[in-house]
Number of protein chains: 2
Amino acid sequence: MAEVKKPVQKQIFLSGSSPDIKVPFKELTLTNGEKLLLSTVEGACPEAKEQPKLRAPWINARVGDKHKTQLDYAKAGIVTKEMEYAALRESMKEGPDAAFTPEMVREEIAKGHAVLPANCNHPECEPMVIGKKFSVKVNANIGASAVSSGFDEEIEKLRLSLKFGADTVMDLSAGVDNLQQIRSAILRASPVPIGTVPMYEALDRAHGDASQLTWEFFRDVVIDQAKQGVDYFTIHAGLTRELLPYAAQRMMGIVSRGGSIMASAMLRRDEENLAYAHFDELMEICREFDVALSLGDGLRPGALADACDKAQYGELENIGKLALRCREAGVQCFIEGPGHVPLDRVFENQDLEDKYCHEAPFYTLGPLVSDIAPGYDHITSAIGGSLIAWRGTAMLCYVTPSEHLALPTPEDVKVGLITYKLAAHAADLAKHLPGAQLRDDAMSRARAEFRWYDQFALSLDPEHAEQVWKSQMPDDCAHEPSFCSMCGPRFCPIRLNRKLKAAYNVK
Amino acid sequence: MAEVKKPVQKQIFLSGSSPDIKVPFKELTLTNGEKLLLSTVEGACPEAKEQPKLRAPWINARVGDKHKTQLDYAKAGIVTKEMEYAALRESMKEGPDAAFTPEMVREEIAKGHAVLPANCNHPECEPMVIGKKFSVKVNANIGASAVSSGFDEEIEKLRLSLKFGADTVMDLSAGVDNLQQIRSAILRASPVPIGTVPMYEALDRAHGDASQLTWEFFRDVVIDQAKQGVDYFTIHAGLTRELLPYAAQRMMGIVSRGGSIMASAMLRRDEENLAYAHFDELMEICREFDVALSLGDGLRPGALADACDKAQYGELENIGKLALRCREAGVQCFIEGPGHVPLDRVFENQDLEDKYCHEAPFYTLGPLVSDIAPGYDHITSAIGGSLIAWRGTAMLCYVTPSEHLALPTPEDVKVGLITYKLAAHAADLAKHLPGAQLRDDAMSRARAEFRWYDQFALSLDPEHAEQVWKSQMPDDCAHEPSFCSMCGPRFCPIRLNRKLKAAYNVK
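Residues numbered from 1 in each chain as written. Chains lettered and ligands numbered in written order. Predicted model: local features only at pLDDT ≥ 70, side-chain atom pairs only at ≥ 80, totals over all residues. Heavy atoms only, no water.

> Would you explain helix α10 (residues 257-269) of chain B in this entry?
The α-helix advances 3.6 residues per turn, and as a result positions three or four apart in sequence lie on the same side. Residues and elements named next belong to chain B. The first and last C-alpha atoms of α10 sit 18 Å apart over 13 residues, in line with the 18 Å expected at 1.5 Å per residue. Burial analysis of α10 places 10 of its 13 residues in the buried class, which makes it a mostly covered element. Where α10 is concerned, the buried positions are Arg257, Gly258, Gly259, Ser260, Ile261, Met262, Ala263, Ser264, Ala265 and Met266. Sitting at the amino-terminal end of α10 is Ser256, which places a side-chain oxygen 2.8 Å from the backbone nitrogen of Gly259. Of the residues one or two after α10, Asp270 is the one with positive phi, at around 55°. (Helix = DSSP H or I, 4+ residues; strand = E, 2+ residues; numbered from the N terminus. Expected span 1.5 Å × (residues − 1). Buried < 20%, exposed > 50% of the residue type's maximum accessible area, 1.4 Å probe, protein only. Polar contact = N/O pair within 3.5 Å; in protein donor to acceptor, adjacent residues only side chain to side chain.)

> Would you explain the UniProt feature "binding site: [4Fe-4S] cluster" (unreviewed entry) in chain A in this entry?
Residues and elements named next belong to chain A. As recorded in UniProt, the sites labelled "binding site: [4Fe-4S] cluster" (unreviewed entry) are Cys484, Cys487 and Cys492. Mapping Cys487 onto the fold places it in the loop between α19 (462-471) and α20 (493-503). With residues up to four places along the chain from it excluded, the contact list for Cys492 reads Phe450, Ser482 and Phe483. (UniProt positions renumbered as here; feature names shortened; annotations may be inferred. Contact = heavy atoms within 4.5 Å.)

> Where do I start with a negative patch on the surface in this structure?
Residues Glu47, Asp152, Glu153 and Glu156 of chain A make up a contiguous surface patch of negative charge. Relative to the helices and strands, Glu156 of chain A is located in helix α5 (residues 151-163). (Patch = residues over 30% accessible without salt bridge, like charges linked within 9 Å, V, L, I, M, F, W, Y side chains within 5 Å. Areas by Shrake-Rupley, 256 points an atom, 1.4 Å probe, with all protein chains shown as cover. Salt bridge = Lys/Arg side-chain N within 4 Å of Asp/Glu carboxyl O. Lys, Arg positive; Asp, Glu negative; His and termini not counted. Charge placed at Lys NZ, Arg CZ, Asp CG, Glu CD.)

> Would you mind showing me how to read the interface of chain B and chain A here?
Often, the extent of an interface is quoted as the loss of accessible area on bringing the components together. Taken together, the contacts link 100 residues of chain B with 100 residues of chain A. Of the roughly 8,800 Å² buried between chain B and chain A on both sides combined, carbon and sulfur atoms contribute 69%. Our count for the chain B to chain A interface comes out at zero salt bridges. For the interface between chain B and chain A, the tally reads 24 residue pairs in polar contact (both at pLDDT 80 or more). Across the side of chain B that touches chain A, the residue classes break down as 56 nonpolar, 27 polar and 17 charged. (Buried area = accessible area lost by both parts, 1.4 Å probe. Nonpolar A, V, L, I, M, F, W, Y, C, P; charged D, E, K, R; others polar.)

> Honestly, the packing of aromatic side chains in this entry has me stumped. Any pointers?
The geometry of an aromatic ring pair is captured by two quantities: the separation of the ring centres and the angle between the planes. Residue and element names in this part refer to chain A. Applying the stated criterion across every chain, the model contains 22 aromatic pairs over all chains. Seen from their ring centres, Trp215 and Phe218 are 6.3 Å apart, and the 50° between their planes marks the pair as tilted. Of this pair, Trp215 and Phe218 are both found in helix α8 (residues 215-228), three residues apart, which corresponds to roughly one turn of the helix. Residue classification places Trp215 among the buried residues on the basis of a relative accessible area of 4%. One aromatic cluster is present, formed by Trp452, Tyr453, Phe456 and Trp469 through successive ring pairs. Sitting over the ring of Phe13, Lys22 keeps its end group 4.9 Å from the ring centre. (Phe/Tyr/Trp six-rings, centres within 6.5 Å; stacked < 30°, edge-to-face > 60°. Lys NZ or Arg CZ within 6 Å of the ring centre and 35° of its normal.)

> It is not clear to me how α20 of chain A should be interpreted in this structure. Could you clarify?
All names here are of chain A. Those residues of α20 lying buried are Pro493, Ile494, Leu496, Asn497 and Leu500. Projected onto a plane normal to the axis of α20, the buried residues spread over an arc of 140° and lie on a single side. Counted as exposed and oriented over 90 degrees from the buried face of α20: Lys499 and Ala502. One or two residues past the end of α20 sits Asn505, with phi positive at roughly 55°. (Arc of directions from axis to C-beta.)

> Would you take a moment to explain the environment of Thr380 of chain B for this structure?
Within the element layout of this structure, Thr380 of chain B appears in helix α15 (residues 377-391). Linking Thr380 of chain B and Ser370 of chain B, residues 10 residues apart in sequence, is a C-alpha distance of 6.4 Å. Once residues lying within four places of it in the same chain are set aside, the contact partners of Thr380 of chain B are Leu422 of chain A together with Pro367, Leu368, Val369, Ser370 and Ala373 of chain B. Of the polar contacts made by the side chain of Thr380 of chain B, one reaches the side chain of Asp377 of chain B; its length is 2.8 Å.

Shown next, in the form of structure tokens:
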């Protein structure tokens, strides 16, 4: 292919009310001069081993303040720098976007309808907001395990996650010696909020023996991780003892790893759920560091046969009560959701979450709308995910093609993320978020005008799109061809459209 | 891996009221003795170059009858062998399934709410029924083009389509010399209905010159293909001249190839749509051979920006009127649908189709719920596809990962089909079709009991699932391992469930 015009992409910053609020975006200039803002989660310094400590001055200025969390400030009517930053980030175009004002972010957080996860010990975190009024977010899971990977590999997976747009990342490392070091490296390198499941480290410290899992044991892990800078904790505090008999009746029982450890500890120690029993102390720790609580669904259904049963909804009701206590205590919280759910009951899950959990942000794993597609469960779950996000779910946890079969490879991480960015975007479009369709329209114009390189640049996975297209095109074209291999040069419907417009005098 | 027990699969036949009605199924015997019926479209003699002429005696017995089509018989209250066969095929378990009786098939066809495409010159066709009361069907497109492939390659693509479950196959061959020979080979080898777009061959015969496309020209192609045995024709008869100005206003104009050729002919010849103008003659030909008409949406939106506009819905209204004329004339027909449609307007498309087209079966391409995911449009479209099928769409046309970029490779055909079988199955589950969840439940039980090879056999893509699983498992296990690489041997939640069941005395 000879020289053709190509679009240009560069990093720009949108500025807030003060010079220290500068939000990175990618500015894409297409070959026809059209400009488009693309959001980015790669941070102000992509690829850097340590991100700049953007929030350090903001956090320092607050030392000694009675307000500890973003929720405290929001309830007091104070718009923080983080809120302004997060509002700007939701914009899809330059200039103030009336749809996403800092005040609106504050209000949603104050009501408990949104969270802004930002541990005071994670100053590298570029603030973002999770809530149904904002764009749908996507989480990627990474993490070392006894089977896989160490330090460098995890940092590589983090980078891959950011490249393909993970809005938050959960570090699920377990069963390795250097847990703390890995977590620390991830935190320093990450401009997005980092979540963990503290129960994994607790079990590690207890040498895998659930009968050793006391509250004191668990509390120490929670304190250590909070101090380290983790932005949100998944804690399965709603899985109370009275629900275990319902779980025992199920076809697949408990499929959540954290939930399973918690249940194991309850059975072995003949005690109530330790996080439930000590919820006030747990909230105190979280409030001190502004760690958001992601109230885990230890009883999420792992099979269609178990969907929407008494175990699942009983836990959701419990969680709803805990969410109210968090809101009262000034602790940010959101709610985890399923799991395996048939298509016709997806809406019901969001609606019950709204009801039981008082519109706290919902954060779901899929849901998967069938059980029979291992190897393709990124798709099974993206179907349910886009549907529930349209209905109001604020964040989707990605599922990769290896779900139910193996640990994800880097390629799986990529495919999982692209699939989920797509599902989230479909929901943003369906919710009519301001500006959501700008990129789609730019793509359609590029298609109508055979601007192939503009099409690639506008794609969720530019490299892949270009590669597929090139695989079947002659490589000696002097210009961008006004056809593709789907219909070949002779029958291109797109070309007819020029004649059609001419025939009806449409410019 | 040492010897482990593996499930066994064999072909069986379910028998109808007479010995010549024998419907092939796959019977899967799992390692725990459980048996499951899996539907198959590979025919009574999979892999054979020529399928047995199952319907030949049935067709011969009708010579001279005043009834020509399945619709004629249905309207006259007569249950044909084809209807009984198709009813049996919908069963998910052995023995008569009260949910899908031959009488119900007849009734749905008589009302025009279902079609049974079966050209009297395609005796190899194993009857199947397309309608909202039945399982959701999937179509795969194959076809030679100037860029690609010949004879053997097309037969290979047909076989691949059948292996992965295409309920019907469209041969979109165009721009090659041996069109008729390819189509004939496909018909003889195919146990599923074959569809075509006659306009492609018409343009070929006119040497690509749309100004030559007269009714006589088109009619001859239609007659030739009907005689050859094509089971359904996509014909863009609803794209009338008055709609062209609306199409000209669009961002992407016309993206349907057949629609574009038709529009081109209208513009060049300054005439009304030839299929619209000669619709009565067209129906006469179709009735003679019992070819079903798939009324094409030449104005399907090719961009979210064009979705649900006056061009699209105006054509749908036209088509609805043609559908009534078909019903009256005893010609089976169904309705093609979009295209690019945002998630929140998917239901509206099905609902309007029901209204304008009097519940004739809907057959959609996706819809795609975003424009920005080239390379992943099998997923973009499966999201919309599962949703619209849940709402009532009877058949989905697959979209492959190469959509918008290139002609599908064999791997694309496979991935496209698996994705669409999944979308269709998700809709069957959501519609609560009797037996739809049997396979999912068998999968969940196999998961709960670590019967890995049963899991693979129950998967939509068994070979792929097994390969992903094996890629990370040690290959020297003496038994099937009671864990997988996702959590590793130490923290398997599935294993806890045995203890949980024991603790609460659940068998």
